[in-house]
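Chain and residue survey
Each chain is listed here by its residues.
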Amino acid sequence: MTYFSENKQIPDIRVADFSGLTMSFPYNLKFKTDNVQKIVTEIRRYTDLPYVYVCSMEQIGFITDILALLKSQRSSCYPYALFVASEEAVGLDDVKMGHPDVDIIICKTKDTDSIRKKIVAYAEKRCVFDYDSLKITSNTLPESVDVLIVGAGITGLYAAKTLADKHISVCVVDKRDHVGGIWAMYANATSQVNTSEPAYRLIENKTRANRDHSYTREILEDILHISTSVSRNLFLGTQAEQIEKTNGTYLTRVKHGHNPVTIKSKGVILAINDRVGEPRLVQWNNQNSFKGEVISGISNGAGTYDWTNKRVVVIGMGAFAVENVRTALEHGAKHVTVVCRRHGTVCPKIIDYLNFASPYDEHFQHDKKSNMRNMLLWKKLYDLSGATQPECWMGKIKHTGHTISVSDIWFIAHYLKKITTVTGAVTDMDETGVMINGNQHINADIVVNCVGFHRNASIVKELCDYYDIYNANYLDKDFMYLADAFIDDDVFNSFFGSSVLEMTKFYMNVYARFFDNPDFEDMIRKDGIEQIDIENRSWSHYITGATALIQAYPDLRDIAADQVAKRSEIFNKNYDLESYIAANKREWIDTHSLLSGKTMNEDECLPYMFEKLIKKGV
């Protein structure tokens, strides 16, 4: 499991100690072997926290071998730093590692207290993200550019980097004073990507220590890295007000500071999130009478709240709600009650892993036998844990409009009677809690508001004179609306999986393929390409569009196949099934111990049924 340091003196970091010194860290990993492969296997069982290593000067070559193996596997256990304990005079030139992604800290002592203080100081600095760094200073706006991109979130920045690498000039504008989109605006410090890490890689070729289902800090670090690479073409505090097309040229009126400016471009990409717009506001009846706290479940609304022994009520059951449940329980909440209109779908991490790691056929689909096996395991986990299945099961995998939340702790906490779900709505509040449906009172110390967001699709109609969109994400020639959309029933039935970044990667190749190319007119007339109302745009539309493009264009089929192959290679290297299950099972059992407040043996835990997948050669 993962721990956070707001209420602790020791930061959230795992120390792999090769020095033989006695280090006083709660997450200290020592080894009883000098076999590099066995050590790497053991390290990869502990993937929940970022790593630093401690070694003596004599072990540098040995550590280099370990790092080389982890790097070849692109493992998330690759360390942030190496602390070299030596009482002799040693400089950085004496430690020739050949691994530039590892910070080298020379400790001119073998005193464990001194080394510990250096590690704590490093972790406190390294593991806290500086949000001010997202406020990147811009230069003068250009008069013309090949492609204007509106939005400096994940999709906009990835689009900018992709086009710049293809020598297509870009200009990125965002009305806010920082980059990062919803990751910078709404994510909590404890937020995690709701998709397996290899399917959400903003940076693909650099060695990274991002964990599976990466945390906000890790994503923001990647955003900052890619922003820096396009910073000369990035303009913050710049509001796009109107986009018009005249004689084949797009004229975009923007407001930069107090000055209106018109930018000419051959193309435009709107990277404005569709599904996540403004947060929904809610005020419950008699809310002011509640003696506890009512907090928002987004934008670090919980802050440094002390959850210890608190009775928590979470309103909603989307991804943010499930995340706040996890955060509360990991921090010692006594019990969590989730109040929801209907039960959202929650899956264990292994099921999400299999959704991406399992082979695809020539039609970019998983075989039905594998899907059925996964569903049966998933259903059995619901049954054994006591968690309530979604009302739509098993006719549909999830309710229309819902996402699928990924959380092991959801099932473990149900098994340990730490979670209760209640269907209904808050109708009243009093000093001690909330009233549900006018007839059920729930005591609470804290109420977490996770009622979701308004959609943002209407903003496109306000920006430009377009009301329909092709299901290949085009509004017009070289004009693409590239953003997450309404999550309908078919969101997981494609090689995109549930990842908006995987969708973006494919469609940026499509955009570059048809940019400034007369073939566009032929493309939009292909079988399967159709127009829909912008505000009705959903995941199934651009899945259908991608399928049509792949069938019509062999080069795009090759691009899709290469995208899947590269992602599968990362899964097989970084998260091969045996290593993934070993880490997942170890964390599974430790989570039981964390929530119960005592060490629990495997036979006391919710059965971990997924090891059989290894024997079956999945």
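Keep in mind that this is a model prediction, so the values were computed, not measured. (Residues numbered from 1 in each chain as written. Predicted model: local features only at pLDDT ≥ 70, side-chain atom pairs only at ≥ 80, totals over all residues. Heavy atoms only, no water.)

**A look at the sheet that holds strand 2 (residues 28-29)**
In space, the 5 strands of this open sheet follow the order 2-1-3-4-5, with parallel pairing throughout. Every other strand in the sheet has two partners, leaving strand 2 and strand 5 (103-107) as the edge strands with one partner each. Packed on one face of the sheet, helix 3 (residues 112-126) meets strand 1 (14-17), strand 3 (51-56), strand 4 (81-85) and strand 5 and runs near 165° to strand 4. (Pairing = 2+ DSSP bridges. Helix = DSSP H or I, 4+ residues; strand = E, 2+ residues; numbered from the N terminus. Contact = heavy atoms within 4.5 Å. Axes fitted to C-alpha atoms, helices over the stretch in contact; angles between N-to-C directions.)

**Remarks on the state of the cysteines**
Tallied over the full model, the rule gives 0 disulfides. Of the cysteine sulfurs around Cys 127, a residue in no disulfide, the closest is that of Cys 77, at 14 Å. Here Cys 127 falls in the partly exposed class, since its relative accessible area comes to 21%. (Disulfide = S-S within 2.5 Å. Buried < 20%, exposed > 50% of the residue type's maximum accessible area, 1.4 Å probe, protein only.)

**Focus: the pairing of strand 18 (residues 426-430)**
The sheet contact formed by strand 18 and strand 19 (residues 433-436) spans 4 bridges and is antiparallel. Directly across from Val 426, in strand 19, lies its bridge partner Ile 436. Once strand 18 ends, the chain turns through 2 residues before running back antiparallel as strand 19.

**Let's talk about the confidence of the model for the protein**
Put simply, the protein has an average pLDDT of 91, and 97% of its residues get 70 or more. Predicted confidence for residues 1-9 stays below pLDDT 50, and this span has 35 contacts to residues more than four positions away or in other chains. (pLDDT = per-residue confidence, 0-100.)

**Points about the environment of Pro 100**
Following the sequence through the fold, Pro 100 ends up in the loop between strand 4 and strand 5. Separated by 107 residues in the primary sequence, Pro 100 and Thr 207 place their C-alpha atoms 9.7 Å from one another.

**Looking at the environment of Phe 83**
Checked against the element boundaries, Phe 83 lands in strand 4. C-alpha of Phe 83 to C-alpha of Val 54: the two residues are 29 residues apart in sequence and 4.7 Å apart in space. Contacts of Phe 83, omitting those with residues within four sequence positions, involve Val 52, Tyr 53, Val 54, Cys 55, Ile 105, Cys 107, Lys 118, Ile 119 and Tyr 122.

**With respect to the packing of aromatic side chains**
Within a pair of aromatic rings, the relevant descriptors are the distance that separates the centres and the angle that separates the planes. The tally for this structure, following the rule as stated, stands at 35 aromatic pairs. On the basis of an interplanar angle of 20° and a centroid distance of 4.2 Å, the ring pair of Tyr 353 and Tyr 580 is categorised as stacked. Separated by 227 residues along the polypeptide, Tyr 353 in helix 8 (residues 349-357) and Tyr 580 in helix 16 (residues 577-596) bring together distant segments of the chain. The class of Tyr 353 is buried, set by a relative accessible area of 3%. The interplanar angle of 70° and the centroid separation of 5.0 Å between the aromatic rings of Tyr 474 and Phe 520 together place this pair among those described as edge-to-face. Of this pair, Tyr 474 sits in strand 23 (residues 474-476) while Phe 520 sits in helix 13 (residues 519-523), and the two are 46 residues apart along the sequence. An identical accessibility class is assigned to Tyr 474 and Phe 520; each is buried. In this structure an aromatic cluster arises from ring pairing among Phe 364, Phe 495, Phe 496, Phe 506, Tyr 507, Trp 539 and Tyr 542. Across the ring face of Phe 25, the terminal group of Arg 116 is positioned such that the distance to the ring centre comes to 5.7 Å. One cation-aromatic arrangement involves Arg 513 over Phe 514; the distance from NZ or CZ to the ring centre is 4.6 Å. (Phe/Tyr/Trp six-rings, centres within 6.5 Å; stacked < 30°, edge-to-face > 60°. Lys NZ or Arg CZ within 6 Å of the ring centre and 35° of its normal.)

**Here's the deal with the side chain of Thr 252**
Looking at the secondary structure, you find Thr 252 in strand 10 (residues 249-256). By relative accessible area, Thr 252 is classed as buried at 0%. Not counting chain neighbours up to four residues away, the residues in contact with Thr 252 comprise Leu 148, Gln 242, Ile 243, Val 261, Thr 262, Ile 263 and Val 268.

**Remarks on the pattern of salt bridges**
The final tally for this structure, using the stated rule, is 37 salt bridges. Here Asp 17 and Lys 30 are joined by a salt bridge, their closest N and O atoms 2.7 Å apart. Taken together, the positions of Asp 17 in strand 1 and Lys 30 in the loop between strand 2 and helix 1 (36-43) put the pair 13 residues apart, joining distant regions of the chain. Note that Asp 590 is salt-bridged to Arg 586, the shortest N-O span being 2.8 Å. Placement of the pair is Asp 590 and Arg 586 together in helix 16, with a separation of 4 residues, close to one helical turn. A relative accessible area of 7% places Arg 586 in the buried class. (Salt bridge = Lys/Arg side-chain N within 4 Å of Asp/Glu carboxyl O.)

**With respect to the side chain of His 343**
Here His 343 lies in the loop between strand 14 (335-340) and strand 15 (345-347). Accessibility expressed as a relative area gives 5% for His 343, which makes it buried. There is a polar contact of 2.9 Å between the side chain of His 343 and the side chain of Thr 421. With residues near it in sequence (within four places) discarded, His 343 still touches Met 317, Thr 388, Gln 389, Pro 390, Glu 391, His 399, Thr 421 and Thr 423. (Polar contact = N/O pair within 3.5 Å; in protein donor to acceptor, adjacent residues only side chain to side chain.)

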